[in-house]
Amino acid sequence: MEELKSKLTEFLTDRLYQIIISNPRSMAGATKVKIRPIMLKGSLYFQETATKGTQVFHENHTAEEIAERILQYMNEEFRQLEAQSMEGRMTVLVSKKGKVTFKHTRSGQKESLMPDMSHNRTKHYLLKEGVPVPFLVDLGVQSPEGMILRSRYDKFKQINRYLEFVEDILPTLDKGKRVRIIDFGCGKSYLTFALYHYLHEVKGINVEITGLDLKADVIKKCNTLAESYGYEKLRFFQGDISAYCETGQVDMVVTLHACDTATDHAIKKAIEWKAKVIFAVPCCQHEVNKQIENELLAPVLKYGLLKERLSAILTDAIRANLLEEAGYETKVLEFIDMEHTPKNILIRAVRREDVAGRSSNIRQLTDACRVEMTLQKLMKDEDRISL
């Protein structure tokens with residue numbers, strides 16, 4: 001088995017398609033084992049799928065762990081192994097007397113199609129694999145030929161998931177005229193570029209997108225990239241969300257990963273503009289955490305981690321309810337983790353005339369928790385000005 005151990009190191013990489021272990025020595029255990037590479041949180045693992053009777057069991061292992069399991073399977077439980085990678089194929093047979101026979105053939109020409117290492121495989125994406133997109137290539141998500149790089153597959157899934165949310169709200173936008181979108185706290189802007197590419201290049205919508213962020217170097221780079229791609233109506237500016245002014249019609253406001261109260265200022269401006277759609281992925285909800293007090297919740301709040309999570313949930317609940325009161329049909333949806341944070345909640349709000357003025361009991365909750373968020377204060381200020 002030393003030769004098998006040596007050869008496994010060649011196959012247990014991100015270029016593996018699959019390993020199938022079969023022909024069990026007895027029917028008491030697994031009858032078949034299949035192994036394939038997957039990406040989890042940007043790291044390479046190997047998913048083991050074992051069939052036992054009518055049941056199927058899944059486990060994920062590192063390369064070292066799965067190598068040991070394969071050797072154990074071939075030593076004790078199975079007689080046949082077939083491995084296929086971009087470099088070639090290997091067959092291993094174990095006779096009843098324990099003799100091991102290898103057949104290893106290398107591909108004369110390496111396969112160009114990378115293995116599918118997504119955790120759930122049967123998925124059709126809005127941005128297709130195999131079709132190169134300039135910004136995805138520059139991000140290192142795609143190769144120049146359009147293949148998805150394995151270490152960036154999570155990023156590819158996140159971008160497509162975001163575009164699925166956008167696809168859902170397209171009927172809300174008036175595509176007969178220019179659609180104006182502002183992206184607050186755009187950062188490196190990979191989702192902003194994805195939004196422009198999908199709406200303008202794929203869907204043919206007359207769209208104009210403005211990205212805003214505090215970092216001058218990031219803004220400079222984003223503008224350079226937009227010009228190189230020929231994205232004439234995608235522009236980036238340096239500035240603070242709370243100080244940003246826009247006099248024209250804004251159809252959609254996006255604020256993904258804007259820290260703490262910056263999300264509140266973005267939502268408030270969207271409401272002022274009567275934007276038809278608001279997307280918000282909140283982050284760093286510290287404001288409520290600093291204020292929250294409640295005797296009944298004291299057994300929860302005394303634990304820092306639980307207090308932090310409860311504060312984040314309360315923060316998003318307040319924002320969602322205030323958006324409903326402002327005339328938006330609001331949903332809180334599960335998103336894919338952002339690059340530097342485990343926050344995975346998306347607030348999607350669509351303006352509806354039939355829900356305008358809808359009341360909620362959110363203020364009873366915030367009073368009970370002795371909390372007042374920035375968005376609540378901004379909404380109060382607007383009410384006083386209107387009076």
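The coordinates are above.
Below is a short write-up of the structure. Here the structure is a predicted model, which is why all the values come from computation and not from measurement.

1. What about helix H4 (residues 153–169)?
Item 1. For H4, spanning 17 residues, the distance from its first C-alpha to its last is 25 Å, which sits close to the expected 24 Å at 1.5 Å a residue.
Item 2. With 12 of 17 residues buried, H4 is to be regarded as a mostly interior element.
Item 3. Listed as buried for H4 are Tyr-153, Lys-155, Phe-156, Gln-158, Ile-159, Asn-160, Tyr-162, Leu-163, Glu-164, Phe-165, Val-166 and Ile-169.
Item 4. Of the surrounding elements, those touching the buried residues of H4 are helix H3 (134–138), helix H5 (190–202), strand E11 (252–259), strand E12 (277–283), strand E13 (328–334) and strand E14 (345–351).

2. Quick look at the packing of helix H1 (residues 2–11) against helix H2 (residues 63–76)
How two helices sit against one another is set out by the angle between their axes and by the gap between those axes.
Item 1. Packing of H1 against H2 leaves a shortest axis separation of 10 Å and a crossing angle of 145°. Between H1 and H2 lies a crossing whose hand is right-handed. Within the contact between the two elements, H1 uses Leu-4, Lys-5 and Leu-8 and H2 uses Ala-67, Glu-68, Ile-70, Leu-71 and Met-74.
Item 2. By residue class, the composition of the contact of H1 with H2 is six nonpolar, no polar and two charged.

3. Digging into the packing of aromatic side chains
Item 1. Enumeration over the complete set of coordinates arrives at 12 aromatic pairs.
Item 2. Their ring planes at 45° and their centres at 5.5 Å tell us that Phe-193 and Phe-236 sit as a pair that is tilted. Linking Phe-193 in helix H5 with Phe-236 in strand E10 (residues 234–238), this pair joins segments that are 43 residues apart in sequence.
Item 3. Looking at Phe-193, the relative accessible area reads 2%, which means it is buried.
Item 4. Joined through ring pairs, the aromatic side chains of Phe-135, Phe-193, Tyr-196, Tyr-229, Tyr-231 and Phe-236 make up one cluster.
Item 5. A cation sits over an aromatic face here: Lys-52 above Phe-57, 5.4 Å from the ring centre.

4. What to know about the sheet that holds E11
Item 1. Pairing within the open sheet is mixed, and its seven strands lie in the order E10-E9-E8-E11-E12-E14-E13. Because the sheet does not close on itself, it has two edges, and the strands there are E10 and E13. In this sheet, neighbouring strand axes are inclined to one another by 15° on average, regardless of whether the strands run parallel or antiparallel.
Item 2. Where E11 lies against E12, six bridges are found, and the strand directions are parallel.

5. Some remarks on the pattern of salt bridges
Item 1. A complete count under the given rule lists 15 salt bridges for this structure.
Item 2. In this structure, the salt-bridge partner of Lys-268 is Glu-272, at a minimum N-O distance of 2.5 Å. You can see Lys-268 and its partner Glu-272 sitting in helix H7 (residues 262–272), four residues apart, about one turn around the helix.
Item 3. Look at Lys-268 and you get buried, because its relative accessible area is 7%.
Item 4. By relative accessible area, Glu-272 is classed as partly exposed at 43%.

Cut-offs applied
Residues numbered from 1 in each chain as written. Predicted model: local features only at pLDDT ≥ 70, side-chain atom pairs only at ≥ 80, totals over all residues. Heavy atoms only, no water. Helix = DSSP H or I, 4+ residues; strand = E, 2+ residues; numbered from the N terminus. Expected span 1.5 Å × (residues − 1). Buried < 20%, exposed > 50% of the residue type's maximum accessible area, 1.4 Å probe, protein only. Contact = heavy atoms within 4.5 Å. Axes fitted to C-alpha atoms, helices over the stretch in contact; angles between N-to-C directions. Left-handed = near helix turned anticlockwise from the far one by under 90°. Nonpolar A, V, L, I, M, F, W, Y, C, P; charged D, E, K, R; others polar. Phe/Tyr/Trp six-rings, centres within 6.5 Å; stacked < 30°, edge-to-face > 60°. Lys NZ or Arg CZ within 6 Å of the ring centre and 35° of its normal. Pairing = 2+ DSSP bridges. Salt bridge = Lys/Arg side-chain N within 4 Å of Asp/Glu carboxyl O.

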